[in-house]
Amino acid sequence: MTPAPAKRPLTGETLDSLRLAVAERGEPEFRAKQILDWVYKKRARSWDEMTNLPKGLRAWLADTFTLMPASLVLNRHSADVTDKLLLELWDKSLIETVIIRAPQEGVGMECSRKTICISTQVGCAMGCVFCASGLAGLRRDMSAGEIVAQLLQVCYAEDERTPRARAELASFDNIVVMGMGEPLANYEALMRALTIVNADWGLGFGARRITVSTSGLAPKIARLADEALGFRLAVSLHGATDEVRSRIMPVNKAYPLPKLLPAIRAFGERHGRMVTLEFILIEDVNDSLEQARALRDIALDLHAHVNLIPYNTVEGLPWRRPDAVRQQAFADVLRKSGVSATLRREKGHEIAAACGQLRLKTERERAGGEDST
Ligand code: SF4
């Protein structure tokens, strides 16, 4: 069992749970809203800033809660397109949170679309063979408070970029739950976190701009479809036949395409919106025209959007991306049949920049340092 931190993360509390906690202490319930306003609206970085709270209450908060359960280790800018935040949790675990700026043609960086990609687990148990995040397996689930804290750290990072205006989370276009981990394998913590992210007493970010991505846990997709908040869904397909998918994604053995595709269809019908199929193009694995045609048939059947992502090399893994001609030929098969499809261009090399690699590199460096002492 994962050990618990000494203090609860304040960012994991809902308004109701915090009301209960302050009421048990004999404080009026309105204090809960005041506390959350300090966290999410005024972005207090210390208990002392919460000046409209009695000193005794502040002392109790400091004894009971961690104000920021994910501390910044480094922020790596990449050609002004991405910010990769490496964050450390209470048990020294490292996670990555990424800000992606996708420039819009002709309007420059200031008008770029901004997406935040967050993690939900430390490591991952799903074992996709091409992935850096899953290389060392699953260490533990992240708590709701740790998941939410990533978004506050993003706001802090944006504040540093533009010191004159405080960055609001609402200024971002999308949040994608696509970082390290299988989000639907940490379902309760994820839903609690997204409730806090969405709530007006929390970060106030619209559920329809939040995309939850899964490697294909079909029963959990059905559960997600029943959530009242109405999140978007992306499914990492990466193989258009069971034969190819099973070769690179062990999850396909439990939930092969005849189980997965009906769950995706049901989700799309329930919410009346396009589901996205993510498809990482890996040379000589899934980049053939046969795979393109099979993917086309699936996308047409599901009325799904396809996002083609040329593979980013991971140190120590043998996989490579296909050349540009082959990528284009694959995309053409989809588009010529009327499938809505995007193919990430060169920027993608940095944008997708091998999710999980910064963490992996830092962990290896740390382990090397420990060995040498
Ligand atoms: S691709 Fe996603 S689901 Fe697969 S191992 Fe990596 S983090 Fe886990």
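Look up a bit, the structure's there.
The structure presented is a predicted model; accordingly, all values stated were derived computationally and were not measured. (Residues numbered from 1 in each chain as written. Predicted model: local features only at pLDDT ≥ 70, side-chain atom pairs only at ≥ 80, totals over all residues. Heavy atoms only, no water.)

1. Digging into the overall build of the protein chain
Scanning the protein chain from terminus to terminus reveals 13 helices and 14 strands. Over its C-alpha atoms the protein chain spans a radius of gyration of 21 Å, differing by no more than 12% from the 21 Å that the globule rule assigns to 373 residues. Across its three principal directions, the C-alpha atoms of the protein chain cover 70 × 55 × 50 Å. Residue burial in the protein chain is summarised as follows: out of 373 residues, 55% are buried. Considering only residue pairs separated by 6 or more positions, the protein chain has 65% of its internal contacts joining residues 24 or more positions apart. Put simply, the protein chain shows about 16400 Å² of open surface, and 53% of that area lies on carbon and sulfur atoms. Mean positive and mean negative side-chain charge positions of the protein chain (50 and 47 charges, respectively) differ by 2 Å. (Helix = DSSP H or I, 4+ residues; strand = E, 2+ residues; numbered from the N terminus. Rg over C-alpha atoms; globule rule 2.2 N^0.38 Å. Buried < 20%, exposed > 50% of the residue type's maximum accessible area, 1.4 Å probe, protein only. Contact = heavy atoms within 4.5 Å. Areas by Shrake-Rupley, 256 points an atom, 1.4 Å probe, with all protein chains shown as cover. Lys, Arg positive; Asp, Glu negative; His and termini not counted. Charge placed at Lys NZ, Arg CZ, Asp CG, Glu CD.)

2. Describing the packing of aromatic side chains
Applying the stated criterion across every chain yields a total of two aromatic pairs. Seen in terms of ring centroids, Trp60 and Phe65 are 5.8 Å apart; in terms of plane orientation they differ by 90°. Their pairing is edge-to-face. Comparing Trp60 with Phe65, the two get one shared label, buried. Over the face of the ring belonging to Trp38 we find Lys42, whose NZ or CZ atom lies 4.0 Å from the ring centre. In this structure, Arg45 is placed above the aromatic ring of Tyr156, and the distance from its NZ or CZ to the ring centre is 3.5 Å. (Phe/Tyr/Trp six-rings, centres within 6.5 Å; stacked < 30°, edge-to-face > 60°. Lys NZ or Arg CZ within 6 Å of the ring centre and 35° of its normal.)

3. Observations concerning the site of the ligand
Taken together, Cys124, Met126, Gly127, Cys128, Cys131, Ser133, Gly181 and Ser215 form the complete shell of residues around the ligand. Tallied by class, residues from the shell around the ligand come to four nonpolar, four polar and no charged. (Near = heavy atom within 4 Å. Nonpolar A, V, L, I, M, F, W, Y, C, P; charged D, E, K, R; others polar.)

4. Considerations on the packing of helix α10 (residues 289–302) against helix α11 (residues 324–336)
Where α10 meets α11, the closest approach of the two axes is 9 Å, and the angle between their N-to-C directions is 30°. Judged by the inter-axis angle, α10 sits roughly parallel to α11. Relative to α11, the crossing made by α10 is right-handed. On the side of α10, the interface is formed by Leu289, Gln291, Ala292, Arg293, Leu295 and Arg296, while α11 contributes Ala329, Phe330, Val333 and Leu334. Considered class by class, the residues forming the contact of α10 with α11 number seven nonpolar, one polar and two charged. (Axes fitted to C-alpha atoms, helices over the stretch in contact; angles between N-to-C directions. Parallel < 35°, antiparallel > 145°, perpendicular 65-115°, else oblique. Left-handed = near helix turned anticlockwise from the far one by under 90°.)

5. Points about the nonpolar core
Grouped together as the largest cluster of nonpolar side chains are 113 residues, with contacts concentrated most on Leu277, Leu295 and Leu308. The dominant element in this core, judged by the number of residues it contributes, is helix α4 (residues 144–161), at 10 residues. In this view, Leu308 contacts Phe279, Leu281, Leu295, Phe330, Ala331, Leu334, Thr342, Leu343 and Arg344; residues no more than four positions away in its chain are not counted. (Core = buried A, V, L, I, M, F, W, Y, C linked by side-chain atoms within 4.5 Å.)

6. Thoughts on the pairing of strand β4 (residues 82–88)
Of all the seven residues making up β4, seven are buried; the element is thus mostly covered by neighbouring parts of the structure. Alternating residues of β4 divide into Thr82, Lys84, Leu86 and Glu88 and Asp83, Leu85 and Leu87, and every residue in both groups is buried. As paired elements, strand β3 (residues 71–78) and β4 share seven bridges and run antiparallel to each other. Bridge pairing links Ser78 to Thr82 in β4. (Pairing = 2+ DSSP bridges.)

7. Points about the side chain of Thr211
Turning to its location among the elements, Thr211 is positioned in strand β10 (residues 210–214). Classification of Thr211 by relative accessible area gives buried; the value is 11%. Leaving out residues up to four positions away in the same chain, Thr211 has contacts with Ile175, Val176, Val177, Met178, Arg232, Leu233 and Ala234.

8. Some remarks on the packing of helix α9 (residues 257–271) against α10
Packing of α9 against α10 leaves a shortest axis separation of 10 Å and a crossing angle of 35°. Contact residues: Leu257, Leu261, Ile264 and Arg265 in α9; Ile298, Asp301 and Leu302 in α10. Within the contact of α9 with α10, the residues separate by chemical class into five nonpolar, no polar and two charged.

9. Examining the pattern of salt bridges
For the coordinates displayed, the defined rule picks out 21 salt bridges. Of the charged contacts, one joins Arg101 and Asp83 as a salt bridge, the two residues approaching to 3.4 Å between their closest N and O atoms. Residue Arg101 is located in strand β5 (residues 94–104), and its partner Asp83 is located in strand β4; the two are separated by 18 residues in the primary sequence. Among the charged side chains, a salt-bridge network with shared partners connects Asp83, Arg101, Lys114 and Glu158. (Salt bridge = Lys/Arg side-chain N within 4 Å of Asp/Glu carboxyl O.)

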